[in-house]
Amino acid sequence: MFFAYFAGMLTVLSVLVVTRRNPVHSVLWMLVLFVHIAGLYLFLNAEFMAAIQIIVYAGAILVLFLFVIMLLDLKKDESVRKFQNQWFLGLVIGLIFMVVLVSTASKITVIPPLGEYSVDAIKSEGSMMTIGKILYTEYLLPFEIASLLLLVAIIGAVVLAKRRIE
Amino acid sequence: MDTGFSISLLDIRPIVPEITMVCAGLILLLLDLVVRKKEVVAFVGIVGAIVALYGTFKLYGLSEPQIAFSNMFILDGYANFFKLIFYLNVIMTIGISVKYMKVEKASYGEYYALLLFSTTGMMIMASAGDLIVLYLGLELMALSTYILAGLLRGQTRSNEAALKYFFLGAFSSAFLLYGIALTYGITGTTNISDIAVSLLTLDIVGNPVTMLGIIFIIVAFGFKIALIPFHMWAPDVYEGAPTSVTAFMSVGPKAAGFAVLGRVLFDAFGVMQVQWVSILIPLAVLTMAGGSIIALAQTNIKRMLAYSSIAHAGYMLLGIIAGTSIGLTSTVNYLMIYLFMNMGAFAIVIMMRREGFQGENIEDYMGLAKDHPLASALMLVFMFSLAGIPPTAGFIGKFYVFMAAIHEGYTYLAIIAVVFSAVSAFFYLRIVVYMYMKDPKESVTLTTSPSLSIVLAVTAMMVLILGIFPSILLNLVRYSILG
Amino acid sequence: MVPLSWYIMLSAVMFSIGVFGFLARRNLIIIFMSIELMLNSVNISLVAFSHYLQSMRGQILVFFVIAVAAAEAAIGLAILIAYYKNNPTIKVDEITGLKG
């Protein structure tokens, strides 16, 4: 079924992203990964999130990555080593994480009482309307803080990376 | 499309201090365009912080903890006292920065604005009633500080500091988010008080998922507070960043981290105290030990102070391990004292920096007493306080934390702490010995400025006064936390 | 309907792969992308929880995580550029100006 496809693809793509020699290839595999994640969100009845994922993550952040990679003009990895000296330790730690997390996750069931945003409730208004309503009323404070965060990001990018005038 | 939800203007009052800080930061950014002399910008920054402090002070007297914005923002004595620490932190940092940033040729207006924004992030963290707000406040503080660490763009080590801080910080943020996600999944909410309710009503205390959530959150904050073994970034970042930023970083994010730990562990996961205490104990021991021992080998004073900072976080953790409000009080008390003695020490380090001379090597302090008796005397006070020698405030801070630990049955931890405190005295007093008993290698001129002198005077006074009359501060902390 | 635990296991697998990438690669850009992978895995688990618990909190948090990730990417890449201008390398083990 569809979940199997997505799960398999996401796993394979994640491995591809972290193991490519050329960073541009990694970015491109990440793009495919994001599109699949958006697809998964569609299955979870989160259409707005799927759209945002594509627009912001794939459309803005990855483009930024590509810009920087091109700007830094990396020669196609002159060195032969692409992994660090202690990559085996990283692999071991990663595997330990995987075992611990997956075994814990496999026991998860829905325990808390269900909220009121059932699939039908969201479908009746549309995902975007539901999020919009609560974003500007209940979650107003985090929203404003997030806007400040973006301002700080702009300041940072300018202060750190602009060409020196002196 | 009637939402049936309205926000009345009254709800804005609790966040007026944060709004003030943000507005001040924005004003600074604009001011930077029109004003030549950056001292004006710095001064306006301090004014802004003082106005916000006044705002918090007016809100202090409220006996009832207020919650605002759908239970996402808590305004109680605990949060307000931490905000006091943050205000003092930023005001004193601005005070010691003005001349220093001129010497480093990095006197940007953005520097002061970022200090204010970072402080806003810390204030939000202290007042967070919900994990979402907590995360956003944390990121606000962290992102501003990453930029501040890398502000000396011409120096490779500043770039490297920002790089290491950023990557390890982003890594720990991912861990925090995973912990938040697991907690959300198992309790159904991200609100701190609701999590406590869920843990009591649903049968999830024994669930491995809950435990994993707590572990991830503690690990993430372990990175932020630089507990061992998550401390790898701290020495490099402390050394490479501009010294005034190091001073800011050594107090602010640490205090904010402890504010959050106190809130999350005591309020949200209060039922699971046995579990998280068992995680914190080995971390505390490692941190006290590692910080004290590795500091012995350092030759750069900023790195030494970094490890000293790490060790102090270990001592502060004992108050949280004690698990009672008395323990929490002692940790908060320690944090305020730590603010003064650390800021004072860094102020002296900044004075050593002048054009063409870094002054960061411990050997540069040799014979300082001959040429600059006052500065050496002040440094002596701060070193004694960091080592925890009476009658300085540093001793008081440690004393109360150890008493809280012993009171709850953790005597062995207090003994370990005392042992490593004695070990640490060696590298603190080494500076004093160098200053007074060695001959100067070359004559050193100090860069002073009026604002720096004021900060030095205030910190030295507070370190001595709080050492002799500790109850002034302790009662204030007790009143704030216990109400 | 797919059981909730499957989504969380998928998220766990992706997170672990991200951790591996962070610890094992030399290229800073790839390390950065591993962090983004980790954040995305958390997003997946949040949206899954949100769906199965019939609550919107998870999706709202994902909204903010994406915003923060964008801000982080901007600053992180700016820091990288600033470093690169002084020292044209982005291999982690070659960044050893500050000892230890």
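Bear in mind the structure is a predicted one, so any value in this text is a computation, not a measurement.

What counts, and where the lines are drawn
- Residues numbered from 1 in each chain as written.
- Chains lettered and ligands numbered in written order.
- Predicted model: local features only at pLDDT ≥ 70, side-chain atom pairs only at ≥ 80, totals over all residues.
- Heavy atoms only, no water.
- Helix = DSSP H or I, 4+ residues; strand = E, 2+ residues; numbered from the N terminus.
- Rg over C-alpha atoms; globule rule 2.2 N^0.38 Å.
- Buried < 20%, exposed > 50% of the residue type's maximum accessible area, 1.4 Å probe, protein only.
- Contact = heavy atoms within 4.5 Å.
- Phe/Tyr/Trp six-rings, centres within 6.5 Å; stacked < 30°, edge-to-face > 60°.
- Core = buried A, V, L, I, M, F, W, Y, C linked by side-chain atoms within 4.5 Å.
- Domains from an automatic or database assignment.
- Polar contact = N/O pair within 3.5 Å; in protein donor to acceptor, adjacent residues only side chain to side chain.
- Nonpolar A, V, L, I, M, F, W, Y, C, P; charged D, E, K, R; others polar.
- Axes fitted to C-alpha atoms, helices over the stretch in contact; angles between N-to-C directions.
- Parallel < 35°, antiparallel > 145°, perpendicular 65-115°, else oblique.
- Expected span 1.5 Å × (residues − 1).
- Salt bridge = Lys/Arg side-chain N within 4 Å of Asp/Glu carboxyl O.
- Buried area = accessible area lost by both parts, 1.4 Å probe.

Enquirer: Got a minute to help me understand the overall build of chain B in this structure?
Expert: Counting its regular elements, chain B contains 19 helices and two strands. For 483 residues, the compact-globule formula gives about 23 Å, and the C-alpha radius of gyration of chain B, at 22 Å, lands near that figure. In chain B, buried positions account for 68% of the 483 residues. For chain B, contacts bridging at least 24 residues in sequence account for 80% of all contacts bridging at least 6.

Enquirer: How should I be thinking about the overall build of chain A in this particular structure?
Expert: Looking only at helices and strands, chain A has seven helices and zero strands in total. Ordering the α and β elements of chain A from the N terminus gives α-α-α-α-α-α-α. Against the 2.2 N^0.38 benchmark of 15 Å for 166 residues, chain A shows a C-alpha radius of gyration of 21 Å, more extended than a compact globule. Considering only C-alpha atoms, chain A reaches an extent of 55 × 50 × 25 Å along its principal axes. Considering chain A as a whole, with its 166 residues, one finds that 43% of them fall into the buried category.

Enquirer: Sorry, what's going on with the environment of Glu116 of chain A here?
Expert: Following the sequence through the fold, Glu116 of chain A ends up in the loop between α4 (87–105) and α5 (119–125). Its relative accessible area of 60% is what places Glu116 of chain A among the exposed residues. In contact with Glu116 of chain A, other than residues within four places in its own chain, are Ala121 of chain A together with Gln54 of chain C.

Enquirer: In this structure, what is going on with the packing of aromatic side chains? I would like to understand it.
Expert: For the coordinates displayed, the defined rule picks out 39 aromatic pairs over all chains. Ring centres 5.1 Å apart and planes at 70° place the aromatic pair Phe65 of chain A and Phe32 of chain C in the edge-to-face group. Placement of Phe65 of chain A in helix α3 (residues 47–72) and of Phe32 of chain C in helix α2 (residues 28–52) is noted, with the two residues assigned to different chains. Given the relative accessible area of 0%, Phe32 of chain C is considered buried. Ring centres 6.4 Å apart and planes at 80° place the aromatic pair Phe97 of chain A and Phe216 of chain B in the edge-to-face group. Taken together, the residues Phe97 of chain A in helix α4 and Phe216 of chain B in helix α8 (residues 208–225) connect one chain to another. Just as Phe97 of chain A is buried, Phe216 of chain B falls in that class too. Ring-pair connections join several aromatic residues into one group, and the members of that group are Phe97 of chain A, Phe171, Phe175, Tyr178, Phe216, Phe223 and Phe230 of chain B together with Phe15 and Phe22 of chain C.

Enquirer: Looking at this structure, I do not really get the nonpolar core. What am I missing?
Expert: The tendency in soluble globular proteins is for nonpolar side chains to be buried as a group. Core analysis: the biggest nonpolar cluster contains 309 residues, and Phe82, Phe167, Phe269 and Trp276 of chain B together with Phe15 of chain C have the highest contact counts within it. Both domain 1 (1–79) and domain 2 (118–166) of chain A contribute no fewer than three residues apiece to this core.

Enquirer: Mind showing me how you'd approach the interface of chain C and chain A here?
Expert: Facing 71 residues of chain C, the contacting portion of chain A comprises 87 residues. Linking chain C with chain A are seven residue pairs in polar contact (both at pLDDT 80 or more), by the criterion used here. Among the secondary structure elements, those contributing two or more residues to the side of chain C that touches chain A are α1 (4–24), α2 and α3 (57–86) of chain C. Examining the composition of the side of chain C that touches chain A, we find that 24 residues originate from one element, α3 of chain C, more than from any other. For the side of chain C that touches chain A, the class distribution of residues is 52 nonpolar, twelve polar and seven charged.

Enquirer: Hey, could you run me through the packing of α1 of chain C against α2 of chain C in this one?
Expert: Packed helix pairs are specified by the crossing angle of their axes together with the interaxial distance, meaning the distance between the axes. Residue and element names in this part refer to chain C. Where α1 contacts α2, the two axes come as close as 8 Å, and the packing angle between them is 170°. Judged by the angle between their axes, α1 and α2 are roughly antiparallel. Where α1 approaches α2, its residues Leu4, Tyr7, Ile8, Ser11, Met14, Phe15, Ile17, Gly18, Val19, Gly21 and Phe22 are matched on the opposing element by Ile31, Ser34, Ile35, Leu37, Met38, Ser41, Val42, Ile44, Ser45, Ala48, Phe49 and Tyr52. The residue inventory of the contact of α1 with α2, partitioned by class, reads 17 nonpolar, six polar and no charged.

Enquirer: Just checking my understanding: could you explain the packing of helix α5 (residues 131–149) of chain B against α3 of chain C for this structure?
Expert: It is the contact of α5 of chain B with α3 of chain C, at a shortest axis distance of 11 Å, that shows an interaxial angle of 5°. Taken together, α5 of chain B and α3 of chain C sit at an angle that is classed as roughly parallel. Within the contact between the two elements, α5 of chain B uses Ile132, Tyr135, Leu136, Glu139, Leu143, Tyr146 and Ile147 of chain B and α3 of chain C uses Arg57, Leu61, Phe64, Val65, Val68, Ala71, Glu72, Ile75 and Ile79 of chain C. Of the residues contributing to the contact of α5 of chain B with α3 of chain C, the split by class is 13 nonpolar, no polar and three charged.

Enquirer: I would appreciate a short explanation of helix α16 (residues 393–407) of chain B in the present structure.
Expert: Structural remark: α-helix, 3.6 residues per turn; residues separated by three or four positions point the same way. All names here are of chain B. Taking 1.5 Å of rise per residue, 15 residues should cover 21 Å, and α16 covers 21 Å from first to last C-alpha, within 8% of that figure. What α16 keeps buried is the set Ala393, Gly394, Ile396, Gly397, Lys398, Val401, Phe402, Ala404 and Ala405. Residues of α16 that are buried make contact with α12 (301–322), α13 (325–351), α15 (373–387), α17 (411–437) and α18 (450–468).

Enquirer: Looking at this model, I keep getting lost on the interface of chain C and chain B. Mind explaining?
Expert: Note on interface size: it is often stated as the accessible area lost on association of the parts. The interface is formed by 41 residues belonging to chain C together with 45 residues belonging to chain B. Along the contact surface separating chain C from chain B lie one salt bridge. Residue Asp130 of chain B is joined to Arg57 of chain C by a salt bridge in which the shortest nitrogen-to-oxygen separation is 2.7 Å. Here chain C and chain B share five residue pairs in polar contact (both at pLDDT 80 or more) between them. Elements with a minimum of two residues in the side of chain C that touches chain B: α1, α2 and α3 of chain C. Per-element accounting of the side of chain C that touches chain B gives the leading share, 15 residues, to α3 of chain C. Across the side of chain C that touches chain B, the residue classes break down as 27 nonpolar, eleven polar and three charged.

Enquirer: Sorry if this is basic, but what is going on with α13 of chain B here?
Expert: Relative to the 39 Å expected for 27 residues at 1.5 Å per residue, α13 of chain B spans 39 Å between its end C-alpha atoms, a close match to the ideal helical length. Of all 27 residues in α13 of chain B, 25 are buried; the element is thus mostly enclosed.

Enquirer: Is there a simple way to think about the domain arrangement of chain A in this case?
Expert: Residue and element names in this part refer to chain A. Domain boundaries in chain A define domain 1 (1–79) and domain 2 (118–166). The centre of domain 1, based on its C-alpha atoms, is set 21 Å off from the matching centre of domain 2. Domain 1 puts five residues into the contact, and the matching count from domain 2 is six residues. For the pair domain 1 and domain 2, the two sides together bury roughly 440 Å², of which 65% comes from carbon and sulfur. Considering only the surface of domain 1 that becomes buried against domain 2, Asn45, Glu47 and Phe48 emerge as the three largest contributors, covering 90% of it. The interface formed by domain 1 and domain 2 includes one residue pair in polar contact (both at pLDDT 80 or more). Residue classes in the side of domain 1 that touches domain 2 are distributed as three nonpolar, one polar and one charged.

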